[in-house]
Amino acid sequence: MQVQQIFATKGNLLQAKKSLALAKMGYDLMDRKRNILIREMMMLNDKVRLMRNEITDAYALGYYYLQQANISTGVISNISRQVKIEDSVRLTYRSIMGVEVPSVIYTPKETSIQYGLADTNSRVDEAYLQFQKVKDLTMILAEVDNSVYRLAYSIRKTQKRANALKNIVIPNFEYTVKFITDALEEKEREEFSRQKVIKKQKEHEAQEA
């Protein structure tokens, strides 16, 4: 490690010490941010695992009901066109240590049959009601899953910056402070020695006079 274009002056020493203190403060903030984000992500990870199992089971049951409905009534695509498209979903964001994570605004409504009953049966109703449940679960999982992704991405960035501060920036400033401090101390010793020599010379000249 070498210090380039750094002159050993008290002003440069003060500046180097100030920069070192700021770098250490920055590392502490990055480390704290990383820990908070990791804790938040771990909590969401547990939720994601549970929800993925739940939604997998919900989809499996839904497709089973759908298969039974098709068998009992024929292809039900005409019936599906009578179901209204969900347009009440809204998306907003909340901040976790500066990381914007999505928040889905959606209030599950009381499920009601939206198609005619003349050409349907209980199998169609079972499939419809089950996929309403799938829709509700998908809303929640999409929010949580996307939040985990954003947090993981931010954690990687924060870790990279923290490592750069810890392993490169801070050691460089520490070396610079030591370099300038040692150089100034050496100058002081040289000046002290020079002053002693001058003092002795003056004393000797005074004695001779």
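Above this text you will find the structure in question.
Residues numbered from 1 in each chain as written. Predicted model: local features only at pLDDT ≥ 70, side-chain atom pairs only at ≥ 80, totals over all residues. Heavy atoms only, no water.

Draft legend 1. Looking closely at the pattern of salt bridges. Taken as a whole, this structure holds 8 salt bridges when the rule is applied. Notably, a salt bridge pairs Arg-52 with Asp-145, separated by 2.8 Å at the nearest N-O pair. Note that Arg-52 is positioned in helix α1 (residues 10–73) and Asp-145 in helix α3 (residues 122–208), a separation of 93 residues in sequence. A relative accessible area of 40% places Arg-52 in the partly exposed class. Across the salt bridge formed by Lys-178 and Asp-182, the nearest N and O atoms sit 2.8 Å from each other. Of the two residues, Lys-178 and Asp-182 both sit in helix α3, 4 residues apart, roughly one turn of that helix. (Salt bridge = Lys/Arg side-chain N within 4 Å of Asp/Glu carboxyl O. Helix = DSSP H or I, 4+ residues; strand = E, 2+ residues; numbered from the N terminus. Buried < 20%, exposed > 50% of the residue type's maximum accessible area, 1.4 Å probe, protein only.)

Draft legend 2. A look at the nonpolar core. One finds Leu-37 and Leu-151 to be the most contacted residues of the largest nonpolar core, which totals 17 residues. Secondary structure elements with two or more residues in this core: α1, β2 (99–105) and α3. In this structure Leu-37 touches Ile-96, Met-97, Val-99, Leu-151, Ser-154, Ile-155 and Thr-158, once residues within four positions along its chain are discounted. With 12 residues, the next largest nonpolar core counts Leu-20, Ala-23, Ile-170 and Ile-180 among its residues. (Core = buried A, V, L, I, M, F, W, Y, C linked by side-chain atoms within 4.5 Å. Contact = heavy atoms within 4.5 Å.)

Draft legend 3. Representation of the environment of Ser-147. Summarising the element assignment, Ser-147 is placed in helix α3. Owing to a relative accessible area of 2%, Ser-147 belongs among the buried residues under this scheme. Residues Ser-147 and Pro-102, spaced 45 residues apart in sequence, show a C-alpha to C-alpha distance of 6.3 Å. When neighbours within four sequence positions are excluded, Ser-147 is seen to be in contact with Leu-44, Val-101 and Pro-102.

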